[in-house]
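Residues per chain are reported as follows:
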Amino acid sequence: GAVVSQHPSWVICKSGTSVKIECRSLDFQATTMFWYRQFPKQSLMLMATSNEGSKATYEQGVEKDKFLINHASLTLSTLTVTSAHPEDSSFYICSASRSSLDTQYFGPGTRLTVL
Amino acid sequence: GIQVEQSPPDLILQEGANSTLRCNFSDSVNNLQWFHQNPWGQLINLFYIPSGTKQNGRLSATTVATERYSLLYISSSQTTDSGVYFCAVGGAAGNKLTFGGGTRVLVKP
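Residues numbered from 1 in each chain as written. Chains lettered and ligands numbered in written order. Predicted model: local features only at pLDDT ≥ 70, side-chain atom pairs only at ≥ 80, totals over all residues. Heavy atoms only, no water.

Novice: Lay out the environment of A:Thr80 with the relevant residues and their values.
Specialist: Residue and element names in this part refer to chain A. In this structure, Thr80 sits in strand β8 (residues 76-81). Separated by 78 residues in sequence, Thr80 and Ala2 have C-alpha atoms that sit 24 Å apart. Setting aside residues no more than four positions away along its own chain, Thr80 makes contact with Ser18, Val19, Lys20, Lys66, Phe67 and Leu68. (Helix = DSSP H or I, 4+ residues; strand = E, 2+ residues; numbered from the N terminus. Contact = heavy atoms within 4.5 Å.)

Novice: Mind laying out the side chain of B:Thr63, listing which residues take part and the relevant values?
Specialist: Residues and elements named next belong to chain B. Turning to its location among the elements, Thr63 is positioned in strand β7 (residues 59-64). For Thr63, a relative accessible area of 5% gives the class buried. In terms of polar contacts, Thr63 uses its side chain to reach the side chain of Ser70, at 2.9 Å. Those residues in contact with Thr63, other than ones at most four positions away along the chain, are Phe25, Leu32, Ile49, Pro50, Ser51, Gly52, Tyr69 and Ser70. (Buried < 20%, exposed > 50% of the residue type's maximum accessible area, 1.4 Å probe, protein only. Polar contact = N/O pair within 3.5 Å; in protein donor to acceptor, adjacent residues only side chain to side chain.)

Novice: For the sheet that holds strand β1 (residues 4-7) of chain B, give the residues involved together with the corresponding values.
Specialist: Residue and element names in this part refer to chain B. Overall, antiparallel pairing links the five strands, which are arranged β1-β3-β8-β7-β6 in an open sheet. In the strand order of this sheet, the two ends are held by β1 and β6 (52-56), each with one partner. Each strand of the sheet is rotated relative to its neighbour by a mean of 15°, with strand direction disregarded. As judged from the five bridges shared by β6 and β7, these two strands associate in the antiparallel manner. Looking at β7, one finds that Lys54 is bridged to Ala61. (Pairing = 2+ DSSP bridges. Axes fitted to C-alpha atoms, helices over the stretch in contact; angles between N-to-C directions.)

Printed below as a string of structure tokens:
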């Protein structure tokens, strides 16, 4: 149990376009989902925490107008990178947990390349 | 916020060797997890271990919360153990995790 999926697994887009990444908890209800970004050979950096039905909480330095997060149901959260630029190219990973006391279960990640 | 440091940053092992990875953290934690990130980027939960000792096959982990460190032991290493091992900790702010820099492990046949 506790499977998290992400779609797409990879995406290439042109500079200036928007890209949406989906994160789904397949066999449990996730009250909280997290979005991370990982640059090559670096660690995971938390971007935002998303609770179902409420606005996401962004970490310091993360532009909320650029990285739009929606958590409309207990099994789905989306991250939209708006007006993407080459510096947004990265590996984006989501995780989900049943509650604030539960461990996080990670998705397989989405590799974004902006040309 | 909590600072998490992992050592060593890189580790090369001969197949069959044993090794110890360390995670130091700067404050009290309610949550500590070890992960293995495979070459495709998938994070695999290894241990949820805010304190105490756990074992799972050839892997075991020990967290000494009072001294703010955790150790991950890999015994009889195999080539499939290659990848990056991350320690991540969570404090009082819900289950938000702060990741260490990782230890990149290469096991040679």
